[in-house]
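Coordinates in review
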Amino acid sequence: MTTAEPRAQVITQHRFGGPEVLEVEERPRPAPGPGEVLLRVHASAVDPADRLARSGAAPLFGEPPFTPGRDVSGEIEEVGAGVTRFGPGDEVFGRIDGGGHATHVTAPAGHFAAKPAGLDHVHAAAAPTPVLTAWRALIDLARAGPDSRVLIRAAAGGTGHVAVQLAAAEGAYVVGVARAEDDGFVRDLGAGEVVDESAGELAEAVHGIDAVLDPVGGDHAPGVLGTLRPDGILLSTVPADLGLAPEEVEARGLRFTLVPDAPSGELLERAVPLLADRRVRVHVSATLPLSEAAAAHERAEEGPRGGIVLVPHP
């Protein structure tokens, strides 16, 4: 009697475009190579990079066909040769290089960290990219602390709302830029001040900022420069649409850095205590079945609070 080959469901796309290009397909379940793990995905977040890759604005996963999904949480089913850090049954979360919108995915073991016991998979899946981005920007690069004034654009968004909490946990004074209806939400995260993103020139309302974290870019990016003190730093996460030239920043006596974007289980491990004791809480605005990936991408493009998460195994 022949044993049926294990299968996996994946979300794939065969062309660039809007959310409608995302399709559900069934494929053979992947096997982990050396240094990799096979993860049974319990939750996968939709982050801005997934949407940029889907549209072709930033082809991070190459040419179609491909499966988006970088932030995942789940249970290890199998480990490849040389993996000693984790074993079958371990619950982990991490940022991978695509393929997470699926029931199963393989990725290097070094991309993952052990999931805190008190954090469910949905919220763990929404954490990796925001945590990695905020940590690298505000702690590693800006050295935010009790004497720092930090401004965060899109402060209610997936990266922004985590960055507000991380900066506040380090003792920094946080100014959040958000929609008027998100004022209370951002203040509850730890912001000392919230500026309405539609209220004209930022520099007229905010001064003396040491570091700006900009996860948006675009036409409004130059407006943050006037908020920075001399030698202040602009930290951008959007290489596809910075909204200004780095030379423009430096010509004004300011510093500019593009925040590194790479998986790191080791860095996530450093942030686990903050997630475990709820000093940093990840907000999820909606959870949808994997089969509704297109709807999830549509919701994510509306700029919701926090993250949108897909659940392959409802």
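Before going into details, it helps to say that this report is about the structure given with it. Just so it is clear, the model here is predicted, and its values are computed rather than measured.

1. Focus: the overall build of the protein
Regarding its fold elements, the protein presents eight helices and 15 strands. Relative to its length of 314 residues, the protein is compact, with a C-alpha radius of gyration of 20 Å against a globular reference of 20 Å. Taking the principal axes of the C-alpha coordinates as reference, the protein spans close to 75 × 40 × 35 Å. Counting only residues that meet the buried cut, the protein has 54% of its 314 residues in that class. Considering only intrachain contacts with a sequence separation of at least 6, the fraction spanning at least 24 residues in the protein is 62%. Working note: accessible area of the protein is about 13100 Å², and carbon and sulfur atoms make up 49% of it. Across the protein, the 26 positively charged side chains and the 45 negatively charged ones have centroids separated by 3 Å.

2. Let's talk about the packing of aromatic side chains
Evaluated as defined, the whole model comprises two aromatic pairs. A centroid spacing of 6.3 Å and a plane angle of 50° characterise the contact between Phe16 and Phe66, whose relative ring orientation is tilted. Of this pair, Phe16 sits in the loop between β1 (7-12) and β2 (23-28) while Phe66 is found in the loop between α1 (48-55) and β4 (71-79), placing the two residues 50 residues apart along the sequence. Given a relative accessible area of 26%, Phe16 falls into the partly exposed group. Note on Phe61 and Phe66: the rings are 5.5 Å apart at their centroids and 70° apart in plane angle, and the pair reads as edge-to-face. Looking at Phe61, the relative accessible area reads 17%, which means it is buried.

3. A short note on the pattern of salt bridges
Going through the model one piece at a time under the given rule, you end up with 21 salt bridges. Where Arg70 meets Asp261, a salt bridge forms, and the shortest distance between an N and an O atom there is 3.0 Å. With Arg70 in the loop between α1 and β4 and Asp261 in the loop between β13 (255-258) and α7 (265-276), this residue pair connects regions lying 191 residues apart in the sequence. A relative accessible area of 6% places Arg70 in the buried class. Residue Asp261 is classed as partly exposed on the basis of its relative accessible area, which comes to 46%. Here Asp183 ties to Arg187 by a salt bridge, and the two come within 2.7 Å at their closest N and O atoms. In this pair, Asp183 and Arg187 are both assigned in helix α5 (residues 183-189), four residues apart and thus about one turn of the helix distant. Judged by relative accessible area, which is 25%, Asp183 ranks as partly exposed.

Thresholds applied
Residues numbered from 1 in each chain as written. Predicted model: local features only at pLDDT ≥ 70, side-chain atom pairs only at ≥ 80, totals over all residues. Heavy atoms only, no water. Helix = DSSP H or I, 4+ residues; strand = E, 2+ residues; numbered from the N terminus. Rg over C-alpha atoms; globule rule 2.2 N^0.38 Å. Buried < 20%, exposed > 50% of the residue type's maximum accessible area, 1.4 Å probe, protein only. Contact = heavy atoms within 4.5 Å. Areas by Shrake-Rupley, 256 points an atom, 1.4 Å probe, with all protein chains shown as cover. Lys, Arg positive; Asp, Glu negative; His and termini not counted. Charge placed at Lys NZ, Arg CZ, Asp CG, Glu CD. Phe/Tyr/Trp six-rings, centres within 6.5 Å; stacked < 30°, edge-to-face > 60°. Salt bridge = Lys/Arg side-chain N within 4 Å of Asp/Glu carboxyl O.

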